[in-house]
Each structure stands twice: as C-alpha cells, then as structure tokens.
Amino acid sequence: MSDAIEGLLEEGRTFPPPPEFAATARVRDSSLQAAADADPEAFWAGQAAELLDWDRPWDRVLDWQPPDAQWFLGGTLNVAHNCVDRHVAAGLGDRVAFLWEGEPGDERAITYAELQDEVSRAANALLALGIERGDRVAIYMGMVPELPIAMLACARIGAAHSVVFGGFTADSLRGRINDAEAKALITCDGAWRRGAVVPLKDIADEALQDAPSVHHCIVLRRTDHGVSMTPGRDHWWHDLVEAQSEHCPPEPMDAEQLLFILYTSGTTAKPKGIMHTTGGYLTQVASTFRNVFDIRPESDVYWCTADCGWVTGHSYIVYGPLANGATSVIYEGTPDHPDKDRFWAIVEKYGVTILYTAPTAIRTFMKWGDEYPQRRDLSSLRLLGSVGEPINPEAWIWYHDVIGHGRTPIVDTWWQTETGAIMISPLPGATPLKPGSATFPLPGVGADVVGDDGEPVGVPGGGYLVLNRPWPSMLRGVWGDPQRFRDTYWSRFEGLYFAGDGAKRDADGYLWLLGRVDDVMLVSGHNISTAEVESALVDHHAVAEAAVVGTTDATTGQAVSAFVILRSGNVASDDLVRELRDHVAKLIGPIAKPKSILFTDDLPKTRSGKIMRRLLRNVAEDESLGDTTTLADPSVVAGIRDRYLASNAGGDDE
Ligand code: 6R9
C-alpha cells in the first residue's frame, strides 16, 4: 500500500466535510436523519409534498403487503410536468436544462422552455400514432437530447418507456421489445462512437423483423449516413415530431402508474424487466439528487457520465436533475475521443461543478496517467460522485487528489436498478468519509448486514446486504414474472429484500460494499471477497486494474486467480508476480494470496463497465464461455483465454 494511504487507513483517518463546503451545504447535521428515523413514512411524505407538484394529494402514504408496496395511494401527478412545465411556470424557462455536446464537437444548449416545447411535440407525435396510456414504447438511441425528450414524452402521456442501451445487439433489442410487447420504437439512424457510426437503424431493422407488437418506428436523423425506411411503419422524427403542436397538456397519472421498465443487463440468465412507477420513484430520485449532490440549481453545472440506457441515466441524468430544475451536461461519445482528456476538456469548457462517474472509468483514467487531467482547469469542481461498483481506496484517493485537487468530497453511492434511487451514500456536508466506504444508509432507508440465518451480524461484522424497510422508489416487480420477483429478491431471508451484495460494517458502523455475493470466494474455509483482493492488487503502484475469481482447487476448495492490467511503463515478470502476491498477503493476509496471476491488456466487462467474473472463471476453469451477448467487446475473453493457456497459469504452487 502506498505509504500515504496506509497512514490514512491505519489511523482510521476520515475525511470530514471541508468547512467551506459544509458551511453552505443543504444537509449539515443529523437532523434530517433523526426526523427520518423517528417516522420514515412521514419523512418520505414530507419529501413528496415538498419536492413535487401533485394534482391530487394522496389518501395513504404506504400500503405494504410484503413484497408488494404501493406509495402515495390515490395521489395523482405528472412526471413531465414536474420535470419541465412547473419550472417554466415558475419563471425559469430561460434556465438551461441540458448542455449537450456531441462527440464530433457540435453543441446545443436546451432551456427548460425549449424542453417543454420539444417534449410536448414528441408527446403529440406518440398520440398521433395511437400510443395510449399504459402502452410500452421502446427507445434505442445514442446519447442525444432527443433520448431524454422521448422518455419525458412517454411520461407526459402515461406510456411506459423501455430504454435499451444503444450498444446492445439486435437480439438483445428484440428480446426486450418482445418481452414488453412495445407498440412503438424510437431510434436514430446512427450514433457517433469514437469517430465512427454505430448503425442503430440497421440493427433496429433486424430486431423488428421478428417483433410483431411494434407498429411504428420513429427515426431521429443524427449521423445522416443513409438508412432504409419501411413505408407505413417508419417515420422520420423531423417530419413527424416537428410538425406537431407544442401544446400538449400533461395529464395527471396515478402515483402507481407504470413509468418505465428497465431490463437489468445481468451477467447471467434472461434479463429481468424491472418495473418502476410514478409518485414514489420521482419522490426518491428528486430527494436523493438534491441531498446527495447538494444541488444548487441556480449555480451548479452537473454532469453524470452514464448512458440513459442504464438506471443511473434514468434517475440521475433525466428525472432527478430535471425534477430539481438543475442544469446538466450530456456528452454523446467516449472519453478518449479525440484524445484521452475529453472528459476534462468538457469539465473545463462548461465549468462543471459536480461530476458523477464510475470506478471503472476512474481506474481507466489512472491507467492513462495524470497528464490528461493536468492539461485542463478542473477548479470548478466542488463535488465528485461514484457509482456502479465498489471504489477501491487507491482509486478514491486518486479521484480525490488528481480530479478534486484534494478539495472535493466524494459521494460513493450504492444502489441498484431495482432500488431506483441511491440508498447508501454519504451526505457530503455532514458525513465524514472513509476512502472505499459508501458510509451509511440515507435518511428514510433501512439497510442492514445479516448472516446466513438472516440475523444482523452486529458491528463490526460481515455478511449479506439487505434492505429491511420499503422505500418509495423500490421496484414494483419483474414485468410479466411475479414469481421471479419473489424468488430473486424476497425468498432468501424472511421479510427482507436481499440485494445480492456482500457487505461489512467496520467498528465505526461504516458500510463497505464487497461486490456480488456470487463473487465471494471460499478459500480453506475463509470467506474472501473478490473486491478486497482486487483492491489490494490495484493498491500496488504497478497495477492499473485487476479482476479476481475463485477457481476450484483440490486442497483449498477454491483458489484465488487474478487477472491484472499493468499501468503503462511496467513490465510483466515472475518477480512482479511474487511481489504482487506478497503485497496481497501483507494487506489482507496470506490466505488471500492469488494462486495464479495472469497479466492481460483488457478485461471482459459488461457495457455498463462491470467486470464479468463468470467469464474469467470459465477461462480459469477452462469451461465453455456461455452467453457473451452483454460483453462490451467479446474478443477480449478469447484473447485472455489464449494467454491463460499459453502461460500455464495455475502453475505456481507455493
Ligand atoms: C446503480 C447501478 C447494481 C449493482 C449493485 C452492486 C454494484 C453499484 C455501487 C456498487 C459498491 C457502489 N454497485 N453501486 N457496489 N459500491 N457504490 O449500478 O445499478 O447496474 O443495477 O448495478 O452494482 O453490486 O448490486 P445496477
């Protein structure tokens, strides 16, 4: 461990909120927490009333028939009204909602007033095609402003959207369209990615060959590279949408009206269509966006680097920021186009104050080197966020020091597609931070760590993360499969939502997420989390990124197998292997020493950046690779397998 970090962790050093940040923060003490603890339902009702416009107040805050929850029963509201119209009505029509930057360098600033017109026109277009309240609309687009506009248009008329990430294949798109029986598809001719065109419309055409529910396809022109249009079915956005009136009154929706379905990418099995509804979802995303990101809509420029195809994009690019009247940056392309400083160029250009990104991106930036962020002025940043995976302390410190210049708090936010909104996170003006810990459940959230028997493990202790109280933005089920909803989330522990993640609480009660429980190894009877070994490896100065899996071992049950990407300037050698193994032994204990270490240039990841350890396990066990359709780059695994076989890995038997 680098000396600096070792010192910090040994002293149990925490990072208190910087005084100048805390002085003006929305949440500076524990009063919100205390209010929520005293009466969680009243707390959420207070948030719903304070943060949203309701057409009709609710009769009952919560109806909880485990595992089925309904929030704000009898209340009605419109999500598009809350995200757009009410800000215009309040005189904020000239405030910029989205600062959009295309990958080729084109840009657009869209005010709330313009957004209102665009959303209304798109909503009228859907109505003109016969889309009605309760219908499903699939959206398969790149990161263009019309993607959030399409989502909000659906919300305006009460159709549920199902956004499918623009990197998915025709098979994945077709499966999701058919599962939801979407009536319409909204897509683009193409998307820009690393200077090349992703032919979205061609892929959509292939998907639609066997998607009988889809009667209409709206196509936005973005790359203008020439696509075929099927008469009667396909409509150009610029013909259909732009001809509509910008007048489309938002209709009140029931609080429990389906707002969207989002398929979890999952690393195994058939994707699950996670259902989210209207009132509870919007309440919790609006509340968490405001408190976790400490948003000051009149002055902040917020940027979440996720794609709208993931839940992070739904909740923290579209609904949370817009419900708060915030100004957000949206960037279309990749972080290395035209050069590896593109993100930092965007921060500098727009004066981004709050940046929300993923550990996989942070580790990539570390690997590329400090020179890229150092080229740019990042002094506008006042708060950084992390989501998607456990952030290892080394990456946390780098993010804090190199991007935040040591001045910015970091909010490490734990949540899931299923939870809809952030559940565990610091409140940056109130919570002392520990690098690598997501700290505590947010006000109104009940989280615990339990053992195999479902009993809380106490402090300190390790086990399974559970949620022990309903929350407003909780999933309302799995589309078309209520049994799977029960089996997956509610059957492991009586009366508790099982998140699928391992976690531990340290002596101060801080929560440390340890990754998916399928990613826990059992070595000679000891539970070792892949995340901990990965974090120890990445802590070594030569290592940029690491993935660890448990493989079958005749003596120890499971053995630790590691795949390591070196930072530029380092060379693989037997000495380095020994050094890394010793490093892990020093940080965690000899039991966690990797039995094998393979150096590689790349790791198999889902398109949202999560390492697919199942595939690495298969490589290490030399099994068939199974389904690789969610992989960002399928060739990566084959390359690793070739190297793995060539290196006789698994050999070192110390
Ligand atoms: C928002 C999102 C959910 C899974 C979750 C966990 C991992 C997300 C994390 C984190 C540790 C964090 N995860 N945030 N692990 N610390 N701050 O990523 O949703 O794509 O559904 O993934 O991601 O394993 O269970 P989703």
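What this report covers is the structure whose coordinates are included nearby. Treat the numbers as computed from the prediction; the structure is a model and nothing was measured.

Some words on empty space enclosed by the protein
Within this structure, the stated rule accounts for five cavities of 30 Å³ or more. In this structure, the largest cavity occupies an estimated 60 Å³ of space. Taken together, Phe43, Trp44, Ser287, Thr288, Asn291, Val292, Leu427, Leu442 and Pro443 make up the full set of residues lining the largest cavity. For the lining of the largest cavity, the elements supplying multiple residues, two or more each, are helix 4 (40-51) and helix 11 (279-292). When residues in the lining of the largest cavity are grouped by element, the largest group, four residues, is from helix 11. For the lining of the largest cavity, the residue count by class is six nonpolar, three polar and no charged. Estimates place the volume of the second largest cavity at around 50 Å³. Lining of the second largest cavity is provided by Val79, Cys154, Ala155, Gly158, Ala159, Met253, Gln257, Leu258, Leu259 and Thr278. For the lining of the second largest cavity, the elements supplying multiple residues, two or more each, are helix 7 (146-157) and strand 14 (258-263). For the lining of the second largest cavity, a count of residues per class yields seven nonpolar, three polar and no charged.

A word on the site of the ligand
Taken together, 16 residues lie near the ligand, and Asp412, Thr413, Thr417, Asp501 and Arg516 sit nearest. Interatomic distance of 2.6 Å between a side-chain N/O atom of Thr417 and an oxygen atom of the ligand. Coverage of the ligand by the protein amounts to 90% of the 530 Å² it exposes when considered alone. In the shell around the ligand, the residues fall into six nonpolar, five polar and five charged.

A look at the environment of Leu381
Examined against the element boundaries, Leu381 turns out to sit in the loop between helix 15 (371-374) and strand 19 (383-386). You can call Leu381 buried: its relative accessible area is 0%. For the pair Leu381 and Gly461, spaced 80 residues apart in sequence, the C-alpha to C-alpha distance is 36 Å. Among residues more than four places away in sequence, those in contact with Leu381 are Val347, Val352, Thr353, Ile354, Leu355, Ile403, Arg407 and Thr408.

About the thresholds
Residues numbered from 1 in each chain as written. Predicted model: local features only at pLDDT ≥ 70, side-chain atom pairs only at ≥ 80, totals over all residues. Heavy atoms only, no water. 1 Å grid on protein atoms, 1.4 Å probe; cavity = no way out; pocket = protein on both sides within 12 Å on 5 of 7 lines; lining within 4 Å. Points joined across faces, edges and corners; volume = space filled by probe spheres on them. Helix = DSSP H or I, 4+ residues; strand = E, 2+ residues; numbered from the N terminus. Nonpolar A, V, L, I, M, F, W, Y, C, P; charged D, E, K, R; others polar. Near = heavy atom within 4 Å. Polar contact = N/O pair within 3.5 Å; in protein donor to acceptor, adjacent residues only side chain to side chain. Areas by Shrake-Rupley, 256 points an atom, 1.4 Å probe, with all protein chains shown as cover. Buried < 20%, exposed > 50% of the residue type's maximum accessible area, 1.4 Å probe, protein only. Contact = heavy atoms within 4.5 Å.

Scope: geometric values only; no functional claims are made or implied.
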